[in-house]
Amino acid sequence: MSTPDYTEAAFGSNRTCVSSCMMEESPSYGSWMAAVMRTHLRGHVLEVGCGPGHYTGHYADLPEVERVTGMDRDAGVVAEAQQGAPRADVDFRVGDANALEKRSWQSIVCANVVEHIEDDRAFVGTLAEAVAPCGTLALLAPAHPRLYCQYDLEAGHHRRYTRRAFRSLVDTTGFRVDRLFFFNVLGAMGWFYAFKLRQRSQVSEQTSRPMIRIFERYFLPVGRAAERVVAPPFGLSLVALCRRPA
């Protein structure tokens with residue numbers, strides 16, 4: 001099996017720009033994402049493909065989480081993460097998912113990474129092997145192949161997932177899928193408008209920051225409240241919450 005490259009830097013400057021802007025201008029997005037995964041993150045959590053640590057602290061804030069280790073293959077982004085606000089319950093390290101000790105982690109989380117991996121089944125299988133018996137795995141990835149656009153291509157996305165394909169990805173590991181659901185329905189509508197209807201590929205910081213601030217202030221609270229009550233029929237992402245059998 002070839003070694004997958006899941007580093008933040010390898011995904012391209014567009015992805016880094018949008019991700020950084022999203023977390024700077026919309027801090028509530030990270031807390032929302034962590035909240036929908038809360039049932040399957042506990043104890044000492046490993047975040048694979050942490051990049052500069054945008055989501056790591058939000059995972060650590062969850063009530064059942066004792067500590068989070070963010071791991072990435074790229075030393076540069078790990079150094080950037082380490083320069084952030086220090087926390088006793090968060091640490092970062094340079095590491096390779098292929099070198100993880102088998103059945104050693106109670107919980108593993110991997111968000112917005114598998115779409116960048118050509119052999120996604122082998123990669124998710126590697127993560128699954130590192131989860132302890134009765135441990136949990138939380139995955140998030142872009143949804144809806146029909147939303148795939150030039151931006152996805154330039155950002156290094158090999159695919160966007162259907163529900164069936166995302167479930168199949170987990171089923172090959174032998175894990176049980178406790179929940180699989182769409183996430184961020186209003187974000188999907190915004191993506192369709194910005195990147196499909198307007199055919200936008202290059203995203204500058206100047207244009208993305210105002211859009212994200214509007215999303216943070218007006219749309220995110222509405223979407224978060226609505227999705228707490230009703231599972232959306234579509235969304236910008238898919239979330240799979242999984243468990244290794246005993």
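For the structure, check the block above.
The text that follows walks through the structure, step by step, so that each part is easy to find. (Residues numbered from 1 in each chain as written. Predicted model: local features only at pLDDT ≥ 70, side-chain atom pairs only at ≥ 80, totals over all residues. Heavy atoms only, no water.)

## Re the overall build of the protein chain
Consideration 1: Within the protein chain, the secondary structure is distributed over nine helices and seven strands.
Consideration 2: Evaluated residue by residue, the protein chain yields a buried proportion of 54% over its 246 residues.
Consideration 3: For the protein chain, the share of sequence-separated contacts (at least 6 apart) that also reach a separation of at least 24 residues comes to 77%.
Consideration 4: Summed over all atoms, the accessible surface of the protein chain reaches about 11,200 Å², with 52% contributed by carbon and sulfur. (Helix = DSSP H or I, 4+ residues; strand = E, 2+ residues; numbered from the N terminus. Buried < 20%, exposed > 50% of the residue type's maximum accessible area, 1.4 Å probe, protein only. Contact = heavy atoms within 4.5 Å. Areas by Shrake-Rupley, 256 points an atom, 1.4 Å probe, with all protein chains shown as cover.)

## Describing unusual backbone geometry
Consideration 1: Not every positive phi belongs to a glycine, and R103 is a case in point at roughly 55°.
Consideration 2: Residue C134 is not a glycine yet carries a positive backbone phi of 65°.
Consideration 3: Residue position: C134 is located in strand β5 (residues 131-142).
Consideration 4: Look at C134 and you get partly exposed, because its relative accessible area is 37%.

## With respect to helix α2 (residues 27-36)
Consideration 1: Among the ten residues that make up α2, seven are buried, leaving the element largely enclosed by the rest of the structure.
Consideration 2: All of the buried residues in α2 are Y29, G30, W32, M33, A34, A35 and V36.

## Some thoughts on the side chain of S107
Consideration 1: In this fold, S107 is placed in strand β4 (residues 105-111).
Consideration 2: One polar contact links the side chain of S107 to the main-chain amide nitrogen of R42, over a distance of 3.2 Å.
Consideration 3: In this structure S107 touches H40, L41, R42, H44, V45, L46 and T136, once residues within four positions along its chain are discounted. (Polar contact = N/O pair within 3.5 Å; in protein donor to acceptor, adjacent residues only side chain to side chain.)

## Thoughts on helix α8 (residues 185-197)
Consideration 1: Here α8 is 13 residues long and its end C-alpha atoms lie 17 Å apart, about the 18 Å a rise of 1.5 Å per residue gives.
Consideration 2: Here α8 has its buried residues at V185, G187, A188, W191, A194 and F195. (Expected span 1.5 Å × (residues − 1).)

## So, the sheet that holds β4
Working definition: the strands of a sheet are paired by backbone hydrogen bonds and lie parallel or antiparallel to each other.
Consideration 1: Within the open sheet, the seven strands sit side by side as β3-β2-β1-β4-β5-β7-β6. Their pairing is mixed. Where the open sheet ends on each side, the last strands, each with one partner, are β3 (90-94) and β6 (176-183). Geometrically, the sheet is characterised by an average inter-axis angle of 20° between neighbouring strands, direction not taken into account.
Consideration 2: Two elements, β4 and β5, share six bridges in a ladder whose sense is parallel. Across the sheet, residue A111 finds its bridge partner in β5, namely L140.
Consideration 3: Helix-sheet contacts for helix α7 (residues 163-171) involve β5, β6 and β7 (237-243), and the interaxial angle to β6 is about 150°. (Pairing = 2+ DSSP bridges. Axes fitted to C-alpha atoms, helices over the stretch in contact; angles between N-to-C directions.)

## Section: the environment of D120
Consideration 1: Its location among the elements puts D120 in helix α5 (residues 120-129).
Consideration 2: Look past the residues within four positions of D120 in its chain and what remains in contact with it is V114, R159, Y161 and L169.

## Thoughts on the pattern of salt bridges
Oppositely charged side chains may form a pair once their charged atoms are brought near each other.
Consideration 1: Applying the stated criterion across every chain, the model contains eight salt bridges.
Consideration 2: Residue R73 is joined to D96 by a salt bridge in which the shortest nitrogen-to-oxygen separation is 3.9 Å. Of the two residues, R73 is situated in the loop between β2 (65-72) and α4 (75-82) and D96 in the loop between β3 and β4; the sequence distance between them amounts to 23 residues.
Consideration 3: Exposure remark for R73: the relative accessible area of 31% places this residue in the partly exposed category.
Consideration 4: Close ionic contact of D152 with R160 constitutes a salt bridge, the shortest N to O distance being 3.0 Å. Assigned by exposure class, D152 and R160 land together as buried.
Consideration 5: Through salt bridges that share partners, D61, R87 and D89 make up one connected network. (Salt bridge = Lys/Arg side-chain N within 4 Å of Asp/Glu carboxyl O.)

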